[in-house]
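What follows is each chain in one-letter form.
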Amino acid sequence: MTDLPTPRGKLTPNRPLSDLTWLRVGGPADWFFQPADREDLADFLRDLDPGVPVFPMGVGSNLIVRDGGLRAVVIRLGRGFNGTEIEGTRVRAGAGALDAQVAKKAAAAGVDLTFLRTIPGAIGGAVRMNAGCYGSYVADHLIEVTAVTRDGKVVTIPKDDLDLQYRQSALPEGWVIVEALFEGAAGDPEALEAKMADQLARRDASQPTKERTAGSTFRNPAGFSSTGKADDIQDLKAWKVIDDAGMRGARLGGAQMSEKHSNFLLNTGDATAADLERLGEDVRKKVFQNSGIELVWEIMRVGDPA
């Protein structure tokens, strides 16, 4: 592989990624880079051969890394990128900050970003995927993001330029989000705390939160998240079409579709990335045969097969 620039942060060759993903699967990255700070990241990307692929990785909550690993520089933002600053009803959060922590800090300061409380992962991934639940999305609260481009420039991108849609954005390949600015409604800290406690209780009652999963496996065919309201229509929910196709609890090797919530893919202990992906593809095939609906993966799948 090409000679790489020498950063101030930590650059590790052939770093296994399985311990960094929630599903605990995946081969090594050719290189694994933990930048010291924003300048270190910008300098590294500027000096890196443009032909070398870059993959920004959050906390691995929504990710299958295939068993052969990643032919890329995987960039993971650590301590220098997880701060949260609050001014009035605006919240500036580092891309490495956990969604749940940002929601809690904002609530304590009387700012309602409670929808982030039950979203697994970190802010960078939440923005890239326009994460949402209970009827609220990143797009409803985001003002702008700061990112480092593949050639090392630091840019500020207004929300509208990201073209945020259900579970997607127009962020260019290889750009690394380093910070996001949100606006939340003002609220009473105690009321916001209670609201988050209610959301957590509802999530834990319906989802396999104690298992090894990567959150929702497939996007809802309806094109929006569950609103959590009584009038929520279930017909075009991923779990419903999976159930209708008889795939709740389906197994392949160490992989299983959860009995508790059939849109959750589990590693029951010894699954490979191939087991998980194959089971997901089996589910897609059965759903298509049964209903003509083509499920779209919500979990990102990257890298090479074994």
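Our subject is the structure listed above.
Residues numbered from 1 in each chain as written. Predicted model: local features only at pLDDT ≥ 70, side-chain atom pairs only at ≥ 80, totals over all residues. Heavy atoms only, no water.

**Student:** Lay out helix 5 (residues 189-206) with the relevant residues and their values.
**Tutor:** In this model helix 5 runs 26 Å from its N-terminal to its C-terminal C-alpha over 18 residues, within 8% of the 26 Å that 1.5 Å per residue would give. Three or more residues of helix 5 are buried, namely Leu-192, Met-196, Gln-199, Leu-200 and Arg-203. Taken down its axis, helix 5 places every buried residue within 100° of arc, on the same side. Of the exposed residues in helix 5, those oriented more than 90 degrees away from the buried face are Glu-190 and Ala-205. Next to the buried residues of helix 5 lie helix 2 (99-108) and strand 8 (111-112). (Helix = DSSP H or I, 4+ residues; strand = E, 2+ residues; numbered from the N terminus. Expected span 1.5 Å × (residues − 1). Buried < 20%, exposed > 50% of the residue type's maximum accessible area, 1.4 Å probe, protein only. Arc of directions from axis to C-beta. Contact = heavy atoms within 4.5 Å.)

**Student:** Go over the nonpolar core with me, naming the residues and quoting the values.
**Tutor:** Among the nonpolar cores identified, the biggest contains 48 residues, and Leu-41, Leu-45, Ile-75, Ile-123, Val-127, Leu-142 and Phe-182 are the most heavily contacted of them. At five residues, the largest contribution of residues to this core is made by strand 13 (residues 176-183). Excluding residues within four positions of it along the chain, Leu-45 makes contact with Val-54, Ile-75, Val-148, Thr-149, Arg-150, Asp-151, Gly-152 and Val-176. The next biggest cluster of nonpolar side chains, apart from the first, holds 24 residues, and it includes Ala-214, Leu-276, Leu-279 and Trp-297. (Core = buried A, V, L, I, M, F, W, Y, C linked by side-chain atoms within 4.5 Å.)

**Student:** Explain the pairing of strand 12 (residues 154-158) residue by residue, including any values.
**Tutor:** Looking at chain direction, strand 11 (residues 142-148) and strand 12 are connected through five bridges and run antiparallel. Within the sheet, the bridge partner assigned to Ala-147 lies in strand 12 and is Val-155. (Pairing = 2+ DSSP bridges.)

**Student:** Explain the pattern of salt bridges residue by residue, including any values.
**Tutor:** In this structure the tally under the stated criterion is 20 salt bridges. Across the pair Glu-183 and Arg-90 runs a salt bridge whose closest N-O atoms are separated by 3.0 Å. With Glu-183 in strand 13 and Arg-90 in strand 7 (residues 90-94), the pair connects residues that are 93 residues apart, well separated along the chain. Classification of Glu-183 as partly exposed rests on a relative accessible area of 28%. (Salt bridge = Lys/Arg side-chain N within 4 Å of Asp/Glu carboxyl O.)

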